[in-house]
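# Inside the fold
The chain contents come next:
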Amino acid sequence: MLSSNPRLQALLGHEFFAPHQWKRRIALWSGAVLVALAAILFAKASTWAYHLFLHILTYGAWIPLILTPAVFGLLSWVTAGRMRATRGSGIPQAIATLHVEDERFRQTMLALPVAAGKMLLTLIALAAGASIGREGPTVHVGAGLFYSFARRFGFSDPKAASRFILAGGAAGIAAAFNTPLAGVVFAIEELAGTFEHRFSGLLLTAVIVGGVVSLGIMGNYAYFGTVQASLPLGHAWLAVLLCGIVCGLLGGLFARLILLSKRGPLAQVGALRARWPVAFATGCGLVLAVLGVLFHGSVYGTGYDQARAIVQQAAVTPGESFGLAKLAANVVSYWAGIPGGIFSPALAVGAGLGQNIAHFLPGVPAAAVVLLGMSAYLSGVTGAPLTSAVIAMELTANQAMIIPVMAACLLARAAASLLSPTPVYKDFAERLVQEFERQQAAHRAGSGKPVEHVGPSSAFDEPAAPPDEPPPVAKP
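Residues numbered from 1 in each chain as written. Predicted model: local features only at pLDDT ≥ 70, side-chain atom pairs only at ≥ 80, totals over all residues. Heavy atoms only, no water.

### Observations concerning the overall build of the protein chain
Counting secondary structure elements, the protein chain contains 20 helices and zero strands. By the burial criterion, 57% of the 476 residues in the protein chain qualify as buried. Within the protein chain, counting contacts between residues at least 6 apart in sequence, those at least 24 apart form 77% of the total. Total accessible area on the protein chain is roughly 20,300 Å²; 67% of this is exposed by carbon and sulfur atoms. (Helix = DSSP H or I, 4+ residues; strand = E, 2+ residues; numbered from the N terminus. Buried < 20%, exposed > 50% of the residue type's maximum accessible area, 1.4 Å probe, protein only. Contact = heavy atoms within 4.5 Å. Areas by Shrake-Rupley, 256 points an atom, 1.4 Å probe, with all protein chains shown as cover.)

### Quick look at the pattern of salt bridges
Between side chains of opposite charge, pairing is possible as soon as their charged atoms come close. In total, this model carries four salt bridges according to the counting rule given. Here R104 ties to D102 by a salt bridge, and the two come within 3.8 Å at their closest N and O atoms. One salt bridge connects R431 with D427, and the closest N-O pair in it is separated by 3.8 Å. Note that R431 and D427 are positioned in helix 20 (residues 424-447) at a spacing of four residues, about one turn of the helix. Judged by its relative accessible area of 12%, R431 falls in the buried class. (Salt bridge = Lys/Arg side-chain N within 4 Å of Asp/Glu carboxyl O.)

### Regarding the packing of helix 11 (residues 238-259) against helix 17 (residues 366-382)
Relative to each other, helix 11 and helix 17 sit at 35 degrees, their axes nearing to 7 Å. Judged by the sense of rotation from one axis to the other, the crossing of helix 11 with helix 17 is right-handed. Between helix 11 and helix 17, the residues in contact are A239, V240, C243, G244, C247, G248, L250, G251, G252, F254 and A255 and V369, L372, G373, A376, Y377, G380 and V381, respectively. Among the residues forming the contact of helix 11 with helix 17, the class breakdown is twelve nonpolar, six polar and no charged. (Axes fitted to C-alpha atoms, helices over the stretch in contact; angles between N-to-C directions. Left-handed = near helix turned anticlockwise from the far one by under 90°. Nonpolar A, V, L, I, M, F, W, Y, C, P; charged D, E, K, R; others polar.)

### Quick look at the packing of aromatic side chains
Working definition: an aromatic ring pair is given by the centre-to-centre distance plus the angle between the planes. Under the criterion given, the structure shown has seven aromatic pairs. The interplanar angle of 35 degrees and the centroid separation of 5.6 Å between the aromatic rings of Y334 and F428 together place this pair among those described as tilted. Here the residue Y334 occupies a position in helix 15 (residues 322-335), and F428 occupies one in helix 20, the gap between them amounting to 94 residues. What links up through ring pairs into an aromatic cluster is the set F186, F343 and Y425. (Phe/Tyr/Trp six-rings, centres within 6.5 Å; stacked < 30°, edge-to-face > 60°.)

### As for the environment of G88
Position of G88 relative to the elements: it lies in the loop between helix 3 (64-78) and helix 4 (91-99). Put simply, G88 and I338 are 250 residues apart on the chain and 5.8 Å apart in space, counted from C-alpha to C-alpha. Sequence-distant contacts of G88, defined by excluding residues within four places in its chain, comprise K118, Y334, G337, I338, P339 and G340.

### Quick word on the packing of helix 7 (residues 135-152) against helix 8 (residues 158-177)
Look at helix 7 against helix 8: their axes get within 7 Å of each other, and the N-to-C directions meet at 145 degrees. Helix-helix and strand crossings are classified by hand; for helix 7 and helix 8 the assignment is right-handed. Taking contact as the criterion, the partners of E135, T138, V139, G142, A143, F146, Y147 and A150 in helix 7 are, on helix 8, A161, F164, I165, A167, G168, G169, G172, I173, A176 and F177. Of the residues in the contact of helix 7 with helix 8, the class split is twelve nonpolar, five polar and one charged.

### Here we look at unusual backbone geometry
The phi dihedral of H296 falls on the positive side, at around 55 degrees, and the residue is not glycine. Among the secondary structure elements, H296 is positioned in the loop between helix 13 (277-294) and helix 14 (304-311). Here H296 falls in the exposed class, since its relative accessible area comes to 75%. A positive phi angle is found at Q313, which is not glycine, with a value near 55 degrees. Relative to the helices and strands, Q313 resides in the loop between helix 14 and helix 15.

### Points about the nonpolar core
By size, the foremost hydrophobic cluster in this structure holds 141 residues, and its most contacted members are L191, F343, L372 and Y377. Not counting the four nearest positions on each side in its chain, L372 is found in contact with L231, A239, V240, C243, M401, P404, V405 and A408. (Core = buried A, V, L, I, M, F, W, Y, C linked by side-chain atoms within 4.5 Å.)

### Quick look at helix 14
Within an α-helix, residues lying three or four positions from one another point in the same direction, as the helix has 3.6 residues per turn. Looking at helix 14, one finds that the buried residues are Q306, A307, A309, I310 and V311. Following helix 14 by one or two positions, Q313 has its phi on the positive side, about 55 degrees.

### A few points about helix 6 (residues 112-127)
The end-to-end C-alpha separation of helix 6 is 23 Å, in line with the 22 Å expected for 16 residues at 1.5 Å each. Buried within helix 6 we find V114, A115, G117, K118, M119, L121, T122, L123, A125, L126 and A127. Among the residues trailing helix 6, G129 stands out with phi positive, at a value near 95 degrees. (Expected span 1.5 Å × (residues − 1).)

### Digging into the side chain of E394
By the element assignment, E394 lies in helix 18 (residues 385-396). Summary of buried charges: E394 has no salt-bridge partner, and the nearest side chain of opposite charge, R134, is 14 Å away. In contact with E394, other than residues within four places in its own chain, are T179, P180, L181, A182 and A222. (Lys, Arg positive; Asp, Glu negative; His and termini not counted.)

### Brief notes about the environment of E189
The residue E189 is located in helix 9 (residues 180-192) in this model. When the C-alpha positions of E189 and T387 are compared, they lie 7.1 Å apart, and in sequence the two are 198 residues distant. In contact with E189, other than residues within four places in its own chain, are A384, P385, L386 and T387.

### Some thoughts on a nonpolar patch on the surface
Together, L238, L241, L242, I245, V246, L249, L253, L418 and L419 make up a nonpolar patch on the protein surface, roughly 700 Å² of accessible area in all. As for its position among the elements, L238 is in helix 11. (Patch = residues over 30% accessible without salt bridge, like charges linked within 9 Å, V, L, I, M, F, W, Y side chains within 5 Å.)

### Topic: the side chain of S379
Along the chain, the position of S379 falls in helix 17. For S379, a relative accessible area of 0% corresponds to the buried category. If we skip the residues at most four places from it in the chain, S379 touches A384, P385, S388, C409, A412 and R413.

### A short note on the environment of I173
Along the chain, the position of I173 falls in helix 8. Classification of I173 as buried rests on a relative accessible area of 0%. Remark: the alpha-carbon pair of I173 and G183, spanning ten residues in sequence, is separated by 5.2 Å. When neighbours within four sequence positions are excluded, I173 is seen to be in contact with E135, V139, T179, A182, G183, F186 and F343.

Structure (structure tokens):
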């Protein structure tokens, strides 16, 4: 009998069999399955939305001159109120909620209506030709779904909710690219900024369950297809130096441009967007449409088709101006403040830049240089060299290039820091936190409730506390 068997009692009393542990596992597994299904649906819908735009283009290359500005203005207007959290990539929102444990703040950023709105509005933007990606929004949706599951299953403790948010973000990036290892690395390097054994199991479980669902539906595939490229030791490694410096500097420039800090030459651009957001977004849509007309439509959308053609060395590839033109398209699309990410468009820009650099390196495998450019530019934009290297490896099923890719990514991160010292996602997240701090400070002035301050944003360099208080000290 059970009562007379101490070993069996000890076994059944193990933490593995504890009801609250199984409750957490069920919430985690259910969330991972739902995130994977949402990511697959979002990917299919994104492709359909972009193909719809391409179909519209067949009726006239001039149509985006009307359609794109109108949709950009409409999206800016729609996201000005309660749907403001749907703007931008979505990764900063996930990072901010990991650092602010206030339930109202997390609900504002991660509520299910926000997740659904993020997907819908991103699809509308793609159908209008916006130069945006779906990966950042997928991270936002993953974090929101996991947070909702945590609350539904009774995990109201802020620390427990943080681990669910982190696991959701990891599952989102893994499902978006079919890159499970990159999902874990991204969560550690970019979202959390640290590694703790307490959430390592959550991360791995979420990624594994989501990966199994994606594998069962989509099959085992590489995002850009298998790339058989290598970089022999010798003069060919000059490509690492060139790609690291050039793509890193341009990645840092892109980050600095989209940050629109309150000081410097970009201050006027930020002031215009703040004063007339709808008109400014409409103008950004018009600039994008003009770029589309000038460069024969290559700058629209995520850039996936163009990047795949370049990295696969297809017979027909975009022109030599594609990299810089796509960079400009990405800037104006992000300036508009509409929902949409920067991951896929950044990979497309990097592929175009790598194609340009390969022309100056005869005798070096062009596909290898393109892969270096793609990963180095992504590292310069995001400030996440390890994630960029792992993503490049998994996107192309190429392990032979991992050492030169890692070297280029580290060099690119160093070069980008000259123009954008703080990683772009962290900087945007700090702005969200700072806005919340100001609202809490105003509320405290009337209610007398204490508020914990997280710190100033590196871009704005302004304290969130009232002027009569000393600047807050940032959390480690």
